[in-house]
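# Coordinate analysis (summary)
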Amino acid sequence: MGCWTFSAATSALIVSCYVHSLAFTNIKTNFCKWCDSSSPRCENNVCTSNCNFSSFCAMSEEICVAVWKQDNESVSVRTLCHHPQETLENIMVSNYSTTQCVMVQQSSDEGTVYICGCVEDHECNDMLVFDKHSNGYLKLQSKEVIPVVVISLLPPVLVAIISTLAFYLYRTRHQNKQPKDWPPKRTHYQSLDLPKNNTDYNGKPLTIMDDGHSDVSSTCANNINHNTELLPIELDTVVGKGRFADVWRARLNHNASGQYETVAVKIFPSVEYSSWKNERKIFSDINLKHESVLQFLTAEERGTGPQKQYWLITAYHSLGNLQDYLTSHVLTWRELHSVAGSVVRGVAHLHSDYTACGAPKIPIAHRDLKSTNIVMKSKTECVLCDFGLALRLDLSLTVDDFANSGQVGTARYMAPEVLESRVNLEDLESFKQMDVYSMALVLWEMASRCDVIGDVKGYEPPFGSKVCEQPCVESMRDLVLRDRGRPDIPSSWLVHQGMKFLCSTIVECWDHDPEARLTAHCVEERFNSMGQEGYEDILNNNNQHTSSPACPELRKPSSSAQEPKPLEDKAAVRLVTEV
């Protein structure tokens, strides 16, 4: 009897444990995006949170929530799991029983705030749906407020129109009375001088050129428009699309007679304000001006509200970016030497502490150097552009400031230490050496399309046959870190002495150890040496010269075949990955 009682009790205990276990396995929680702050990407009335982190909710009652905030300068989204019976920022979440996250406007003292909730669909708070009648993705005014605003704005608008008309009539009559022997007045936006012998007023485009006759030396200062009025620009056609902005070819009109210059206009949407602000700050440095850096004219803010745009206006070059040019052109050795040299000089100028005129400057790390961010100025010269991710290496900044700048760039061109998210932030040279690695890949791209290597194949980007068209960071980690992979340099390339010298320089620039790489200034010295009389034989493929010029700036011997020296913990900071 006692044995039977013990057996029955044991069976009951086992059944109870099974039931509890089964109940635990049937607990269902929502899987939500979870970021304290991210910059959304929008198209029409639908936005994505642009959050890279997700998590299961701790409780089955919790729902996926997104909080949208907008102020005068930026838009941010917060995503998380939240219990619907509790307040979130003093607001109760409503309409959360669907799989779509439909944004509902809430009253707040912190600017425009929208909140949405959703359930049952994985990461349902990633896609944010706004009212289709909200003029884009934000409803600015209700039907009751719009008439009041229109009536209140009518008087100042009329005054502005009358004032503008009066000013126009005054200026027109004043110009008609001007004596014929007076030279025409120069407007503020005409900061880029046109060659007199190339001036064409018959409706043909006039491309911005640096002709050497301007009042400011082309190598010592930047051409910046200080006029507070918007430039008279007519957009023509889209010539490029990037992650943050579109690039347009446009006409900068000078007067009513039809004279104009062709310029490039890079247009950022309102959600990419931070990228525009950073690139404007880089371009606004008067010491950035250089023959191998895209010529900058001015930056402007246009429009209002959600339709607000941010413009960067620069010189326009009709040959397009380097990658497109290499796709359709094969370079001669002299063209390769000249084009590659202009890239090297541009990077060396960014990294330098001084301008060509000897004035002190703050070094700049480009951090997204690639062939699509280089524009062909002519068949033998190109310029660096796209400084949206560039970083000023200011000594006043702290290690934390550099760490917060994040892991940025294009995965295909990322240096090993960037892919590994371990960068020596206490040494500003580390940021320069990332650029040197990327520059080596660009030099390889140009070398692969030169007619002295033998059989010139169709254009391929670096690692083209080893990874997909747009490889992710994880794929590049496996290839560059684990396998120590680099683009191939066939033995046929080394027959030509100049190409052999270039390939040797490329290999030293993409060394796995950043401290073993050449500096941009050292590479510039090598290219300058090739143009001197003593190295003319290299250009002519004379076998008597087979060694590379020495470089005093090389900091330590190459260690490509060795394991990279690990950085000390105190000198290495793990960066936040931005995929």
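In this text the structure is predicted, and so the values were computed from the model without any measurement. (Residues numbered from 1 in each chain as written. Predicted model: local features only at pLDDT ≥ 70, side-chain atom pairs only at ≥ 80, totals over all residues. Heavy atoms only, no water.)

### A closer look at the state of the cysteines
Within the structure shown, the criterion is met by six disulfides. C57 shares a disulfide with C81; S-S distance 2.1 Å. For the disulfide bridge between C57 and C81, the dihedral angle about the S-S bond is near -80°, and by the sign convention the bridge is left-handed. On the criterion of sequence distance, the pair formed by C57 in the loop between β5 (54-56) and β6 (63-70) and C81 in strand β7 (residues 75-82) is long-range, its members being 24 residues apart. (Disulfide = S-S within 2.5 Å. Helix = DSSP H or I, 4+ residues; strand = E, 2+ residues; numbered from the N terminus.)

### Here we look at helix α10 (residues 497-509)
Between its terminal C-alpha atoms α10 stretches 19 Å, which fits the 18 Å expected from 13 residues at 1.5 Å a residue. Of all 13 residues in α10, ten are buried; the element is thus mostly enclosed. If you check which residues of α10 are buried, you get Q497, G498, M499, F501, L502, C503, T505, I506, E508 and C509. (Expected span 1.5 Å × (residues − 1). Buried < 20%, exposed > 50% of the residue type's maximum accessible area, 1.4 Å probe, protein only.)

### A look at the nonpolar core
In this structure, L336, F431, M439, M446 and M499 are the most contacted members of the largest nonpolar core, which totals 85 residues. The element that contributes the greatest number of residues to this core is helix α8 (residues 429-447), accounting for twelve residues. Composition of this core by domain shows at least three residues from each of domain 2 (231-316) and domain 3 (318-536). Those residues in contact with M499, other than ones at most four positions away along the chain, are W333, L336, A447, C450, V452, I453 and W493. With 17 residues, the next largest nonpolar core counts C64, C101, L128 and F130 among its residues. (Core = buried A, V, L, I, M, F, W, Y, C linked by side-chain atoms within 4.5 Å. Domains from an automatic or database assignment. Contact = heavy atoms within 4.5 Å.)

### Quick look at the UniProt feature "binding site: ATP" (unreviewed entry) in the chain
Per the UniProt entry, the sites bearing "binding site: ATP" (unreviewed entry) are V239, G240, K241, G242, R243, F244, A245, D246, V247 and K266 in this numbering. In summary, the annotated positions, though distributed over 28 residues, converge in three dimensions, the widest C-alpha pair being only 14.4 Å. Turning to its location among the elements, K241 is positioned in strand β13 (residues 233-241). At 3.4 Å, the side chain of K241 and the side chain of D246 are in polar contact. Residue placement: D246 occurs in strand β14 (residues 246-253). (UniProt positions renumbered as here; feature names shortened; annotations may be inferred. Polar contact = N/O pair within 3.5 Å; in protein donor to acceptor, adjacent residues only side chain to side chain.)

### Observations regarding a nonpolar patch on the surface
A cluster of nonpolar side chains, L153, L154, V157, L158 and I161, forms an exposed patch at the surface whose accessible area comes to about 450 Å². On the secondary structure map, L158 appears in helix α2 (residues 145-176). (Patch = residues over 30% accessible without salt bridge, like charges linked within 9 Å, V, L, I, M, F, W, Y side chains within 5 Å. Areas by Shrake-Rupley, 256 points an atom, 1.4 Å probe, with all protein chains shown as cover. Salt bridge = Lys/Arg side-chain N within 4 Å of Asp/Glu carboxyl O.)

### Considerations on the sheet that holds strand β2 (residues 35-38)
Consider a sheet: its strands pair through backbone hydrogen bonds, and that pairing is either parallel or antiparallel. An order of β2-β7-β6-β10-β9 is seen for the five strands of this open sheet, with the pairing classed as antiparallel. Each edge of the open sheet is held by one strand with a lone partner, namely β2 and β9 (104-106). Averaged over neighbouring strand pairs, the angle between their axes works out to 25° when direction is ignored. Two strands pair when backbone bridges link them, and β2 and β7 are joined in this way by two bridges, in the antiparallel orientation. Note on β7: the bridge partner recorded for S38 is V77. (Pairing = 2+ DSSP bridges. Axes fitted to C-alpha atoms, helices over the stretch in contact; angles between N-to-C directions.)

### Describing the pairing of β6
With seven of its eight residues buried, β6 lies for the most part within the structure. Relative to β7, β6 is paired through eight bridges, and the arrangement is antiparallel. Residue pairing across strands places Q70 opposite V75, the latter belonging to β7. Pairing geometry for β6 and strand β10 (residues 112-118), over seven bridges, is antiparallel. From the neighbouring strand, K69 faces β10, where its bridge partner is V113.

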